[in-house]
Amino acid sequence: MDFDVIVIGAGAAGMMCAAQAGQRRRRVLLIDHAARIGERIRISGGGRCNFTNRHISAENFLSQNPHFARSALARYSQFDFIKLVERYRIPYHEKTLGQLFCDDSARQIIAMLHAECDAGGVQWAQPCSVQSIERIDDGLRFELMTGHGRLRCQSLVIASGGLAIPKLGATPFGYKVAEQFNLPVIAPKPALVPLALPAEMLAPLQALAGASLHVATHCDAQPAAFREGMLITHRGLSGPAILQISSYWQMQEYGGGKRLPIAIDLLPGVDAAAWIAPHRHGKATLASLLAGHLPKRFAQEWCALHDWVKPLTEHSSRDLAEMIAALKGWALMPAGTLGYAKAEVTLGGVDTDALSSRTMESKTVPGLYFTGEVVDVTGWLGGYNFQWAWSSGWVAGQFA
Ligand code: FDA
């Protein structure tokens, strides 16, 4: 069967792209190997899908080329997607930090994308596996061998996502296609992922598993700092402040240099030196003071971990300086991450140098497009990853 466009991957980016290409009157086939479409949308945001964020700029994304996302994000912005959601009368609300969620169910976003595909006459093939892809007709078309037989198309869009949560159907398909056509791939890594702590660090914190704290995290010389919640778990640290900084911690590996610890500010917005000064010569312990800001048990364990258990008056000026420094930048070197099984997204992917930021088409293989998470563009937590999927999918849909 012949099509103008075949899109592989019926997730966020693939459905947006297929709908747009179809509405341009291209004959489009959307393939997915999973029986159900948009599974990642369905489970996102606790079933309510944090579908975008009111405040989006290229600074909210990690990539080897931090400017790459600008074009797509400007051409199809969060406001365009919000308009689409409003056109379908899907009720939504802002939760925090500009994050927009459905009031009722993420399934409404899937139904909306399905309806947009129907409006473009998109045909579906699912579950359908793709066994091979070849260029034919002197590179003018692609031929795919699939579970639905031999298929041909002029434009081939790879929207097969990243590797997070393999049990939801994630595969390295997109990276393999890139490699087949000699497009470079930035080594994928789990991102927005809980961090594991080394055993000697974990043991004293075990008793605190379940405790949550409001902190600010940062890493290395990165300008980004995240003032959000942190959760102590049986294996290490989680919660939004940790998931956010995990992507930057993972990013350090690309430089090939030494990995630096993450830093946790336990008193965000507080001048620790000024806060501690009036108690400098008193009988209070650091733990008792900290209990005014942090959960009591955490304050006690954290001070015991550092051996700061005596009344403050018995600590030297040097101890005090160390306390202040640790409160504002507790340096923790994770043992690793909890991996793709617990990650929300994948860092790395198809190298943006190989793609046009205006069209998402390969610079060397005409007609081959990559869109969504398979590309080396990774957003912060908070609706940024879906917006990248909508924006890059929309752009590819204008040209494929
Ligand atoms: P996506 O993964 O959505 O789709 C890829 C599709 O390709 C899938 O349907 C898959 O079955 C198919 N596929 C894979 N391999 C294939 C193959 N070999 N052959 C055929 N088909 C294949 N983001 C956000 O902004 N807000 C949020 O609230 C959340 N919440 C969230 C929760 C959880 C638990 C996870 C794991 C992730 C999120 N995310 C998120 C991230 C968000 O889900 C993600 O960035 C987008 O879904 C990426 O969209 P894509 O279309 O690129 O991939």
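Here the structure is a predicted model, which is why all the values come from computation and not from measurement. (Residues numbered from 1 in each chain as written. Predicted model: local features only at pLDDT ≥ 70, side-chain atom pairs only at ≥ 80, totals over all residues. Heavy atoms only, no water.)

Another point: the overall build of the protein. Regarding its fold elements, the protein presents 13 helices and 21 strands. Each of the three principal axes of the protein carries a C-alpha extent, and together these read 80 × 45 × 30 Å. Residues classed as buried in the protein amount to 56% of the 400 residues present. Counted over contacts in the protein with a minimum sequence separation of 6, partners at least 24 positions apart contribute 70%. Side chains of the protein carry 37 positive and 34 negative charges; the gap between the two charge centres is 3 Å. (Helix = DSSP H or I, 4+ residues; strand = E, 2+ residues; numbered from the N terminus. Buried < 20%, exposed > 50% of the residue type's maximum accessible area, 1.4 Å probe, protein only. Contact = heavy atoms within 4.5 Å. Lys, Arg positive; Asp, Glu negative; His and termini not counted. Charge placed at Lys NZ, Arg CZ, Asp CG, Glu CD.)

Under the feature "domain: RsdA/BaiN/AoA(So)-like insert" (unreviewed entry), the UniProt entry names residues 189-345. The straight-line gap between the two end C-alpha atoms of residues 189-345 is 9 Å; of that span, 33% is helix and 21% is strand. (UniProt positions renumbered as here; feature names shortened; annotations may be inferred.)

Before going further, it helps to spend a moment on the packing of helix α4 (residues 78-87) against helix α5 (residues 107-119). Where α4 meets α5, the closest approach of the two axes is 11 Å, and the angle between their N-to-C directions is 90 degrees. Classified by the interaxial angle, the pair formed by α4 and α5 is roughly perpendicular. When α4 is examined against α5, the residues Phe-81, Leu-84, Val-85 and Arg-87 are found in contact with a partner set consisting of Ile-109, Met-112 and Glu-116. Tallied by class, the residues present in the contact of α4 with α5 amount to five nonpolar, no polar and two charged. (Axes fitted to C-alpha atoms, helices over the stretch in contact; angles between N-to-C directions. Parallel < 35°, antiparallel > 145°, perpendicular 65-115°, else oblique. Nonpolar A, V, L, I, M, F, W, Y, C, P; charged D, E, K, R; others polar.)

Formed by 135 residues in total, the largest nonpolar core has its most connected members in Ile-109, Leu-144, Leu-286, Trp-302, Phe-370 and Trp-390. Looking at which domains feed residues into this core, each of domain 1 (2-189 + 347-399) and domain 2 (195-337) gives three or more. When neighbours within four sequence positions are excluded, Leu-144 is seen to be in contact with Ile-6, Ile-8, Ile-31, Val-130, Ser-132, Ile-133, Gly-149, Arg-150, Leu-151, Cys-153 and Leu-156. (Core = buried A, V, L, I, M, F, W, Y, C linked by side-chain atoms within 4.5 Å. Domains from an automatic or database assignment.)

Bringing the sheet that holds strand β15 (residues 236-238) into the picture now. Overall, antiparallel pairing links the seven strands, which are arranged β17-β16-β13-β14-β15-β12-β18 in an open sheet. Each having just a single partner strand, β17 (330-332) and β18 (336-337) make up the two edges of the open sheet. Pairing analysis gives two bridges linking strand β12 (residues 195-196) to β18, with the strands arranged antiparallel. Bridge pairing links Ala-196 to Gly-336 in β18. Across the sheet, helix α11 (residues 296-306) is in contact with β13 (212-219), β14 (226-232) and β17; its angle to β17 comes to roughly 75 degrees. (Pairing = 2+ DSSP bridges.)

The feature "domain: RsdA/BaiN/AoA(So)-like Rossmann fold-like" (unreviewed entry), as annotated in UniProt, sits at residues 4-398 in this numbering. Span residues 4-398 is 32% helix and 24% strand, its end C-alpha atoms 13 Å apart.

Attention shifts here to the confidence of the model for the protein. With 100% of its residues at a pLDDT of 70 or more, the protein shows a mean pLDDT of 95. Confidence estimates for the predicted assembly give a pTM of 0.97 and an ipTM of 0.99. (pLDDT = per-residue confidence, 0-100.)

Next up on the list: the site of the ligand. In the neighbourhood of the ligand, 30 residues make up the surrounding shell, with Ala-13, Asp-32, Thr-171, Glu-373 and Phe-386 lying closest. His-33 is positioned with one of its backbone polar atoms (N or O) 3.3 Å from a nitrogen atom of the ligand. For the ligand, whose accessible area on its own is 1000 Å², the fraction buried by protein is 92%. Looking at the shell around the ligand, the elements with two or more residues in it are α1 (12-23), α2 (39-47) and α13 (384-399). Of the residues contributing to the shell around the ligand, the split by class is 13 nonpolar, 13 polar and four charged. (Near = heavy atom within 4 Å. Polar contact = N/O pair within 3.5 Å; in protein donor to acceptor, adjacent residues only side chain to side chain. Areas by Shrake-Rupley, 256 points an atom, 1.4 Å probe, with all protein chains shown as cover.)

What follows is about unusual backbone geometry. Here the bond from Gln-126 into Pro-127 is cis, since omega is -10 degrees, no more than 30 degrees from zero. Along the polypeptide, Pro-127 turns up in the loop between β7 (123-125) and β8 (130-136). One non-glycine residue, Arg-89, lies in the positive phi region at around 50 degrees. Position of Arg-89 relative to the elements: it lies in the loop between α4 and β5 (92-94). Judged by relative accessible area, Arg-89 falls into the exposed class, the value being 75%. Phi at Ile-165 takes a positive value of approximately 50 degrees, unusual for a residue other than glycine. In this fold, Ile-165 is placed in the loop between β10 (149-158) and α6 (173-180).

Time to look at the pattern of salt bridges. Summed over all chains, the structure comprises 14 salt bridges. Between Arg-36 and Glu-39 there is a salt bridge, with its nearest N and O atoms 3.4 Å apart. Of the charged contacts, one joins Asp-137 and Arg-141 as a salt bridge, the two residues approaching to 2.7 Å between their closest N and O atoms. Owing to a relative accessible area of 39%, Asp-137 belongs among the partly exposed residues under this scheme. A relative accessible area of 22% means that Arg-141 is categorised as partly exposed. What you see here is one network of salt bridges that share partners, running through Asp-2, Asp-137 and Arg-141. (Salt bridge = Lys/Arg side-chain N within 4 Å of Asp/Glu carboxyl O.)

For α4, the full list of buried residues reads Gln-78, Phe-81, Ile-82, Leu-84 and Val-85. Down the axis of α4, the buried set is contained in an arc of 155 degrees. They therefore lie on one face. Opposite its buried face, α4 presents the exposed residues Lys-83 and Arg-87, each directed more than 90 degrees away. In the core, the buried residues of α4 are packed alongside α1, β3 (50-53), β5, β6 (99-102), α5 and α13. One side-chain oxygen at the N-terminal end of α4 lies 3.1 Å from the backbone nitrogen of Phe-79; it belongs to Ser-77. Arg-89 sits one or two positions beyond α4 and adopts a positive phi of about 50 degrees. (Arc of directions from axis to C-beta.)

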